[in-house]
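So the chains spell out like this:
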Amino acid sequence: MKYIENMLEGESISGIYFCKNKVDATTKNGKSYYSVFLQDKTGIIDGKVWDLNNGIEHFETNDYIKVEGIVTSFNGNLQMNIKRIRRASEGEYDVADYMPVTKNDSDKMYDELLKKVDSISNKYLKELLRKFFVEDSRFIQSFKKHSAAKSVHHSFIGGLLQHSLSVAEICEFISGRYPHINRDLLVTTALLHDIGKTRELSEFPLNDYTDEGQLVGHIVTGAMMVKEKMLMIEGFPKVLSDEVIHCILAHHGELEYGSPKKPAIIEAQALSLADNMDAKLQTFSELLDSRAKEKEDWMGFNKLFESNLRKTTGVE
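First, a word on what this report is: a plain description of the structure on this page. (Residues numbered from 1 in each chain as written. Predicted model: local features only at pLDDT ≥ 70, side-chain atom pairs only at ≥ 80, totals over all residues. Heavy atoms only, no water.)

## Focus: the overall build of the chain
Point 1. Within the chain, the secondary structure is distributed over ten helices and seven strands.
Point 2. Taken along its principal axes, the extent of the C-alpha atoms in the chain is 70 × 45 × 35 Å.
Point 3. In the chain, once contacts between residues fewer than 6 apart in sequence are set aside, the share between residues at least 24 apart is 57%.
Point 4. Once the 40 positive and 48 negative side-chain charges of the chain are each reduced to a mean point, those two points are 1 Å apart. (Helix = DSSP H or I, 4+ residues; strand = E, 2+ residues; numbered from the N terminus. Contact = heavy atoms within 4.5 Å. Lys, Arg positive; Asp, Glu negative; His and termini not counted. Charge placed at Lys NZ, Arg CZ, Asp CG, Glu CD.)

Spelled out as structure tokens, the structure:
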């Protein structure tokens, strides 16, 4: 199989790819054609089916399809001119070749997460974490497979686990630097802050917003999930409950970024900063990875960062 990141202009391609999107379109001259996005774990390439002949069998979005075509270039980007298509049969492909997956070992990351859970001294917070990450097998399975976003950052299988652990590690460092911070509260909410994404986003291959995601959102959903588990723990302190919920509700930091509340306690402020830090640096890292083979140092204007971005000059 030729991975998309290794494709070169002029190459003939014959292989199976995931059809991320298919659009029936019409040229200016009124001729019908298909515009498709083909995906594997290394990237996405735009494809065009200009000639809808007998070699183009029926297929739809989210199908795995066997394609034959030629890699071309259009406006500086690679594109595939597709000549033949058929649906692939089960057994012809391995899903892991087509969906973006964390570069880290998921089992090792989860072991590290469980060590964080075991390190919590407060019995109520530890029990709360165990309700999710030790006792709830359905949640654990979903959490380990989910992305942390539809796009932008950590939008790959294992992304939610990777992001949550990274934020917890940043919070661990922060709590050691600022004595006013309740370390147990901060690390607990770092691990829990994005659990609502297991219900906000569907699993791969779709990785798209669910009805609950569109109508409620992961912040409020996450707070509701946490409250539900708290009610299972006898004697969970009311003030502590409110502080945990507040950290989750405020973890985007600003009302305009989707947080129902702005941080009112130091742990909520620290969590919002750690969450933003990991998201921004992961986004920048993914951009650098995607442009690594390009010779140009400047990567152009990026809307998220509101700046023209540049690769760091290498040190000899």
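So much for the structure itself; the text now carries on.
## A look at the sheet that holds strand 4 (residues 64-74)
Note: strands within a sheet are paired through backbone hydrogen bonds, in either parallel or antiparallel orientation.
Point 1. The strand order around the closed barrel built from five strands is 1-2-3-5-4, with neighbouring strands paired in mixed fashion. Averaged over neighbouring strand pairs, the angle between their axes works out to 50° when direction is ignored.
Point 2. In this structure, strand 2 (residues 32-40) lies alongside strand 3 (residues 43-49), joined through seven bridges in antiparallel fashion. What sits directly across from S35, in strand 3, is K48. (Pairing = 2+ DSSP bridges. Axes fitted to C-alpha atoms, helices over the stretch in contact; angles between N-to-C directions.)

## Considerations on the pairing of strand 1 (residues 12-26)
Point 1. Note that strand 1 and strand 4 share seven bridges and pair antiparallel. Within the sheet, the bridge partner assigned to S14 lies in strand 4 and is E68.
Point 2. Across eight bridges, strand 1 lies against strand 2 in antiparallel orientation. Bridging from a neighbouring strand, D24 pairs with Y34 of strand 2.

## Re the state of the cysteines
By definition, a disulfide links the sulfur atoms of two cysteine residues through a covalent bond.
Point 1. Going through the model one piece at a time under the given rule, you end up with zero disulfides.
Point 2. With no disulfide of its own, C171 lies 9.2 Å from the sulfur of C247, the closest cysteine sulfur. (Disulfide = S-S within 2.5 Å.)

## With respect to the packing of helix 1 (residues 106-119) against helix 2 (residues 123-133)
Point 1. Their axes nearest at 9 Å, the elements helix 1 and helix 2 cross at an angle of 155°. Here helix 2 runs roughly antiparallel to helix 1, going by the angle between their axes. Contacts between helix 1 and helix 2 pair Y110, L113, L114, V117 and D118 from the former with K126, L129, R130 and F133 from the latter.
Point 2. A class-by-class count of the residues in the contact of helix 1 with helix 2 yields six nonpolar, no polar and three charged. (Parallel < 35°, antiparallel > 145°, perpendicular 65-115°, else oblique. Nonpolar A, V, L, I, M, F, W, Y, C, P; charged D, E, K, R; others polar.)

## Regarding the layout of surface pockets
Point 1. Volume-wise, the largest pocket comes out at about 2,000 Å³.
Point 2. Taken together, 45 residues form the lining of the largest pocket, with T42, G43, E286, D289 and S290 sitting closest to its centre.
Point 3. Those elements giving two or more residues to the lining of the largest pocket turn out to be strand 2, strand 3, strand 5 (77-87) and helix 10 (266-290).
Point 4. No other element matches helix 10, which puts seven residues into the lining of the largest pocket.
Point 5. Its residues placed into classes, the lining of the largest pocket shows 15 nonpolar, 18 polar and twelve charged.
Point 6. Empty space within the second largest pocket amounts to approximately 790 Å³.
Point 7. Lining the second largest pocket are 28 residues, with H252, Y257, D275, N276 and A279 positioned closest to its centre.
Point 8. Listing elements by their share of the lining of the second largest pocket, those giving two or more residues are helix 6 (197-200) and helix 10.
Point 9. Counting residues per element, the lining of the second largest pocket draws most heavily on helix 10, at eight residues.
Point 10. For the lining of the second largest pocket, a count of residues per class yields nine nonpolar, ten polar and nine charged. (1 Å grid on protein atoms, 1.4 Å probe; cavity = no way out; pocket = protein on both sides within 12 Å on 5 of 7 lines; lining within 4 Å. Points joined across faces, edges and corners; volume = space filled by probe spheres on them.)

## Considering a nonpolar patch on the surface
Point 1. Nonpolar side chains collect at one region of the surface, where L215, V216, V220 and M224 lie side by side and expose about 380 Å² of accessible area between them.
Point 2. By the secondary structure assignment, L215 is in helix 7 (residues 211-215). (Patch = residues over 30% accessible without salt bridge, like charges linked within 9 Å, V, L, I, M, F, W, Y side chains within 5 Å. Areas by Shrake-Rupley, 256 points an atom, 1.4 Å probe, with all protein chains shown as cover. Salt bridge = Lys/Arg side-chain N within 4 Å of Asp/Glu carboxyl O.)

## Section: the packing of helix 5 (residues 183-192) against helix 9 (residues 238-249)
Point 1. Packing of helix 5 against helix 9 brings their axes to within 9 Å, and their N-to-C directions diverge by 50°. Here helix 9 runs oblique to helix 5, going by the angle between their axes. For helix 5 against helix 9, the interelement crossing comes out right-handed. Facing helix 5, whose interface residues are L185, T189 and L192, helix 9 presents L240, E243, V244, C247 and I248.
Point 2. For the contact of helix 5 with helix 9, the residue count by class is six nonpolar, one polar and one charged. (Left-handed = near helix turned anticlockwise from the far one by under 90°.)

## Points about the nonpolar core
Across soluble globular proteins, nonpolar side chains show a tendency to be buried alongside one another.
Point 1. Grouped together as the largest cluster of nonpolar side chains are 48 residues, with contacts concentrated most on F133 and V226.
Point 2. Looking at this core, the elements with two or more residues in it are helix 1, helix 2, helix 3 (137-145), helix 4 (159-177), helix 5, helix 8 (218-230), helix 9 and helix 10.
Point 3. Among the elements that take part in this core, helix 4 stands out by supplying eight residues, more than any other.
Point 4. Listed in part, the 18 residues of the second largest apolar core include C19, L38, V67 and I85. (Core = buried A, V, L, I, M, F, W, Y, C linked by side-chain atoms within 4.5 Å. Buried < 20%, exposed > 50% of the residue type's maximum accessible area, 1.4 Å probe, protein only.)

## Comments concerning the packing of aromatic side chains
Point 1. The tally for this structure, following the rule as stated, stands at 13 aromatic pairs.
Point 2. Taking 5.7 Å as the distance between ring centres and 85° as the angle between the ring planes, the aromatic pair formed by Y34 and F59 counts as edge-to-face. In this pair, Y34 sits in strand 2 while F59 sits in the loop between strand 3 and strand 4, placing the two residues 25 residues apart along the sequence. One exposure class covers both Y34 and F59, and it is buried.
Point 3. Feature note: the residues F18, Y64, Y93 and Y98 constitute an aromatic cluster, connected by ring pairs.
Point 4. The ring of Y34 has K22 sitting right over it, with the charged end atom 4.4 Å from the ring centre.
Point 5. Cation over ring: K144 sits above Y110, and NZ or CZ is 5.1 Å from the ring centre. (Phe/Tyr/Trp six-rings, centres within 6.5 Å; stacked < 30°, edge-to-face > 60°. Lys NZ or Arg CZ within 6 Å of the ring centre and 35° of its normal.)

Keep in mind these numbers describe shape, not what the thing actually does.
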